[in-house]
Amino acid sequence: MLNFVLGTVAGGLIACVLTIAAARQPEVQARLGLIPAAVPATLAAVTKPAEPDCVRRTEPAPKIGSQEMLFNRQRFWSVAP
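Cut-offs used in this document
- Along each chain, numbering runs from 1 in the same order as the chain's sequence is written.
- For a predicted model such as this one, the threshold for reporting local features is a pLDDT of at least 70, and the threshold for listing and counting side-chain atom pairs is 80 or more; totals across whole chains, interfaces and linings nevertheless cover every residue.
- With hydrogens and water excluded, all non-hydrogen atoms of the structure serve as input to the side-chain values.
- Counting from the N terminus, the helices are DSSP H or I runs at least four residues long and the strands are E runs at least two residues long.
- Type-normalised accessible area, obtained with a 1.4 Å probe on protein chains alone, sets the label of each residue: buried when under 20%, exposed when over 50%, and partly exposed for intermediate values.
- In short, Shrake-Rupley with a 1.4 Å probe defines the accessible areas, and a residue's cover is counted only from the protein chains shown.
- Patch membership is restricted to residues that have no salt bridge and whose relative accessible area is over 30%. Joining uses 9 Å for like charges and 5 Å for the nonpolar side chains Val, Leu, Ile, Met, Phe, Trp and Tyr.
- By salt bridge we mean one thing: a side-chain nitrogen of Lys or Arg within 4 Å of a carboxyl oxygen of Asp or Glu.

A. Spotlight on the overall build of the chain. On a plain count of helices and strands, the chain comes out with four helices and zero strands. Listing the helices and strands of the chain from first to last along the sequence gives α-α-α-α. Expressed as a percentage of its 81 residues, the buried residues of the chain come to 1%. Of the roughly 8,400 Å² that the chain leaves accessible, carbon and sulfur atoms contribute 66%.

See below:
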């Protein structure tokens, strides 16, 4: 009989602690109607910035396997799409 009483008391304490912990959460409070539900803020439409036009190279591309292809300074400092 004592085990039943102790188990009931322990179960009641656990239920109370969990209920109090859950009621402290804003989502649970809104669901229970304790506080009004927060209206989600909407972001303003973001305009996409204008992209610069890509221009073709005016100089001819180096030939494959040429010595200039390995030691070309422009190759290291500019990135072409």
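Still more to cover.
B. Focus on a nonpolar patch on the surface. Judged by side-chain polarity, Met-1, Phe-4, Val-5, Val-9 and Leu-13 come together as a nonpolar surface patch covering roughly 580 Å² of accessible area. Mapped onto the fold, Phe-4 is located in helix α1 (residues 2-23). According to the relative accessible area criterion, Phe-4 is exposed, its value standing at 59%.

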